[in-house]
Amino acid sequence: MATLAPELEALIRQLPKAELHLHLEGSLQPELALSLARKHGVSLPGATEGVEGLRRRYRFSSFDEFVALYVAISQCLVEAGDFTAIAVDLARVLAAQNVRYAEVTVTPMTHVARGVPGEVVLAGLAEGRERAHREHGVELAWVFDIVRSHAELAEPTLELALRGQEQGVIGLGLSGPETAPWPKESFAALFARAREGGLHSLPHAGEFRGPEGIWESLRWLGAERLGHGVRCLEDPALVEYLAERRIPLEVCPSSNVALHVFPSLEQHPVEKLMAAGLAVSLASDDPPLFSTSLTDEYLRCAATFHWSAETVLTLAAAAVEHSFLAEPRKRELLAAQRAIAGGFRERR
């Protein structure tokens, strides 16, 4: 990987940023995961060897291994205070990167299905969101996620998401194995109800499955933004459709490489996506599980693809524009980015 100019690295680190594809459960740092596991008597892989033992298990060779670890970590969240703790810790990590706003995916039925009341999840997230802003200056919004392979939990997920709008829930997502069959007609009706109720449609698609999965998300779910979407390039008609309608893609390069969607960062299509005129922002997905952060995604891609400062600034602004942050706050965050950019240009 090429060396990044110190000035560009400084710009990336100093830029006020937004992140649009980030999973709460997947953001659980090993130290906090181990503490919560001990508190609740949960057995985690490698935990008998302490934090470093658990950290070594934050590696996997397949999507199934990744899901197994993700589920194990999720079991550490039991009480409202646990959800608060992970939200506040996430805000701490984001603040250190100058991430000012994040739309964070939560899979509530992972917890409700094992006995955690939905109101406990909502209460913990509400307090965590308030403390994240008060203690770290980070605004968090929640996207409640349905897992494709558990369609029976879709209805209660929607019900909880609608009830949680005052606690910061802004969207309904769909994730899990893309190869799993899912009832398109019933999901279509459910996502229509979500949109009617004020929630945004934010499914994952186009990661492990090709363009047909993206088309389904657009046609059946009314997708307003796509988690990943990177395999759209396999269908020129789809690329044209996404570009014309400015449907944004949340692109997570390190995640795609770690899960073998692409063999290396050098072979990741982020450059081709941008060259095709698609609306793109960078994101970290499950940062500790993929040994990354939003700042790292910018640094790695800038070095690998020889990005200019203007490309970095364009992507940072795109994340804000593609977000569902209130318009006055969008303008404030964009103005803060321009101020940093102006200082960078003056020093050149």
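Just above, that's the structure.
Attention here is on the structure that accompanies the text.

All told, the structure shown has 22 salt bridges when counted by the stated rule. Here Asp89 ties to Arg92 by a salt bridge, and the two come within 2.8 Å at their closest N and O atoms. In this pair, Asp89 and Arg92 are both assigned in helix 5 (residues 80-95), three residues apart and thus about one turn of the helix distant. Accessibility expressed as a relative area gives 17% for Asp89, which makes it buried. By relative accessible area, which is 41% here, Arg92 ends up partly exposed. The shortest N-O distance in the salt bridge between Glu119 and Arg163 comes to 2.6 Å. You can see Glu119 sitting in helix 7 (residues 118-136) and its partner Arg163 sitting in helix 8 (residues 154-163), a full 44 residues away along the chain. A relative accessible area of 45% places Glu119 in the partly exposed class.

One non-glycine residue with positive phi stands out, namely Asn98, at about 65 degrees. Along the chain, Asn98 falls in the loop between helix 5 and strand 2 (99-106). With phi around 55 degrees, His306 is a residue other than glycine that occupies positive phi space. Secondary-structure assignment places His306 in the loop between helix 14 (294-305) and helix 15 (309-322).

The next point concerns the side chain of Lys330. Relative to the helices and strands, Lys330 resides in helix 16 (residues 327-347). Lys330 gets classed as buried once you look at its relative accessible area, which sits at 7%. In terms of polar contacts, Lys330 uses its side chain to reach the backbone carbonyl oxygen of Glu321, at 2.9 Å.

Bringing the packing of helix 1 (residues 6-14) against helix 15 into the picture now. Between helix 1 and helix 15, whose axes approach to 10 Å, the crossing angle comes to 10 degrees. When the axes of helix 1 and helix 15 are compared, the pair comes out roughly parallel. Contacts between helix 1 and helix 15 involve Leu8, Leu11 and Ile12 from the first element and Ala309, Val312 and Leu313 from the second. The residue makeup of the contact of helix 1 with helix 15, split by class, is six nonpolar, no polar and no charged.

Looking now at the sheet that holds strand 1 (residues 17-23). Strand order in the open sheet made by the five strands is 1-2-3-4-5, with parallel pairing throughout. The open sheet is flanked by strand 1 and strand 5 (200-201), the only strands paired with a single partner. Against the sheet, helix 5 engages strand 1, strand 2 and strand 3 (139-147), with an angle of about 140 degrees to strand 2. Strand contacts of helix 7: strand 2 and strand 3, with the helix running at about 150 degrees to strand 3, the strand carrying the most contacts.

Parameters at a glance
Residues numbered from 1 in each chain as written. Predicted model: local features only at pLDDT ≥ 70, side-chain atom pairs only at ≥ 80, totals over all residues. Heavy atoms only, no water. Salt bridge = Lys/Arg side-chain N within 4 Å of Asp/Glu carboxyl O. Helix = DSSP H or I, 4+ residues; strand = E, 2+ residues; numbered from the N terminus. Buried < 20%, exposed > 50% of the residue type's maximum accessible area, 1.4 Å probe, protein only. Polar contact = N/O pair within 3.5 Å; in protein donor to acceptor, adjacent residues only side chain to side chain. Axes fitted to C-alpha atoms, helices over the stretch in contact; angles between N-to-C directions. Parallel < 35°, antiparallel > 145°, perpendicular 65-115°, else oblique. Contact = heavy atoms within 4.5 Å. Nonpolar A, V, L, I, M, F, W, Y, C, P; charged D, E, K, R; others polar. Pairing = 2+ DSSP bridges.

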